[in-house]
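Breakdown of the fold
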Amino acid sequence: MAATPIDLRSDTVTKPSPEMRRAMAEAEVGDDVFMEDPTVNRLQARAAEIFGREAALFVPSGSMGNLVCLIAHTRPGQEVICDENAHIYSYEMAAMAGVAGLLPRLVPGEDGILTWEQISRAIRPRMYARAQTALVCLENTHNMAGGTVYPTRLAQEICERAHEAGLLVHLDGSRIFNAATFLHEHVRGMTGKFDSVQFCLSKGLGAPVGSMIVGSGALIERCRSIRKLLGGGMRQAGVLAAAGLIALEKGPQRLGIDHENATLLAHELARMPGIRLNPAKVQTNIVIYDVRETGLSSAEFLAESARRGVLGVPVDRDKIRMVTHLDVSRADVERVAAAICELAESLSLSRASAPMKNA
Ligand code: TLP
């Protein structure tokens with residue numbers, strides 16, 4: 001068993017590089033609630049510039065970034081259209097309902113990708129006694145669909161048609177740079193039509209903490225107050241922003257390596273007995289596979305993997321997610337594949353030698 005486990009639970013587990021730690025130690029700081037932290041101000045200006053927007057806001061997490069935008073765009077009692085497995089719906093403590101007072105209106109996307117046709121059918125008619133649809137939220141890449149990417153033209157069409165219908169559109173772009181890497185496009189062109197975009201510095205880009213919201217100057221002003229309302233006003237946050245700046249400048253360039261590693265892992269897994277996935281669907285750094293036919297639940301399979309030095313997370317009873325990131329090399333992925341192959345084969349052998357029921 002490997003001494004240090006190979007941690008594929010998430011791309012959030014990455015540790016700041018020595019360069020980041022140096023920049024954090026040396027960061028020039030001020031009180032960001034007074035908007036006087038020069039490093040935070042630099043990070044915000046740079047994010048706005050990269051996305052071609054008027055302004056940006058540094059927030060402690062992707063969840064807070066999404067929630068701040070939801071509150072900024074809506075009022076309690078309204079509806080938000082999103083995919084049925086959207087992170088804002090499934091993994092953010094029901095804050096959409098519990099804090100923002102919104103009703104989620106779920107649409108089953110194909111691999112997490114919605115079409116305007118599906119969205120338009122979910123819009124509530126303007127009728128007394130009906131909750132009113134205010135917002136559409138897309139997720140790119142889509143986490144629980146296995147890191148799938150929106151074709152840019154489709155995302156743009158959804159924004160255009162939603163605006164014509166009087167709706168706003170938010171992008172949970174936590175992994176938007178992974179999508180840009182897959183498409184060989186620039187985030188500016190991919191996201192310019194959204195009313196707000198949240199993206200994470202702390203996932204594949206490698207920063208220890210933080211996310212950004214980008215949008216119009218007026219939106220960001222509003223978001224700044226809402227961030228404070230939620231307790232997210234940070235003080236000498238320049239120590240975090242310094243790492244964020246390095247993540248933003250250097251992180252995107254190496255995401256292709258994570259994608260190659262995920263593709264390699266997917267192809268290896270697809271050959272193993274009892275493991276089901278379609279490696280052709282792996283576009284970025286997330287691999288989701290089904291272990292039902294091994295005879296174990298995802299939790300049981302993961303416990304056995306952990307004993308062999310490999311960590312992942314369960315998606316549901318049958319499915320497991322593994323995510324490649326900057327602290328995982330190709331050699332690590334080969335070790336992961338060998339360990340899971342040994343596990344899958346031993347389970348397959350024990351199934352073959354088990355006495356047949358009702359023989
Ligand atoms: N995702 C985490 C877990 O919460 C599942 C992960 O390990 O992938 N949007 C998307 C699409 C996300 O994947 C995440 C985090 C968030 C929002 C929230 O970001 P944080 O964790 O910074 O609040």
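The structure we're discussing is the one just above.
Since we're looking at a predicted model, the values are computed, not measured.

1. Examining the packing of aromatic side chains
Scanning the entire structure with this criterion turns up 4 aromatic pairs. Between Phe177 and Phe199, the ring centres sit 5.6 Å apart and the planes meet at 75°, which makes this aromatic pair edge-to-face. Here Phe177, found in helix H8 (residues 176-183), pairs with Phe199, found in strand S7 (residues 196-200); they are 22 residues apart in sequence, far enough to count as distant. Take Phe199: its relative accessible area is 0%, and that puts it in the buried class.

2. A look at the site of the ligand
The environment of the ligand is made up of 14 residues, and the closest members are Ser10, Ser63, Asn143, Asp172 and Arg175. A distance of 2.8 Å is found between an oxygen atom of the ligand and a side-chain nitrogen or oxygen belonging to His87. In the model, a nitrogen atom of the ligand is placed 2.9 Å from a nitrogen or oxygen of the Ser174 side chain. Within the complex, 83% of the 510 Å² of free accessible area of the ligand lies under protein. It is helix H3 (residues 62-73) that provides the largest number of residues to the shell around the ligand, a total of 3 residues. Residue classes in the shell around the ligand are distributed as no nonpolar, 8 polar and 6 charged.

Reading the values: the criteria
- Residues numbered from 1 in each chain as written.
- Predicted model: local features only at pLDDT ≥ 70, side-chain atom pairs only at ≥ 80, totals over all residues.
- Heavy atoms only, no water.
- Phe/Tyr/Trp six-rings, centres within 6.5 Å; stacked < 30°, edge-to-face > 60°.
- Helix = DSSP H or I, 4+ residues; strand = E, 2+ residues; numbered from the N terminus.
- Buried < 20%, exposed > 50% of the residue type's maximum accessible area, 1.4 Å probe, protein only.
- Near = heavy atom within 4 Å.
- Polar contact = N/O pair within 3.5 Å; in protein donor to acceptor, adjacent residues only side chain to side chain.
- Areas by Shrake-Rupley, 256 points an atom, 1.4 Å probe, with all protein chains shown as cover.
- Nonpolar A, V, L, I, M, F, W, Y, C, P; charged D, E, K, R; others polar.

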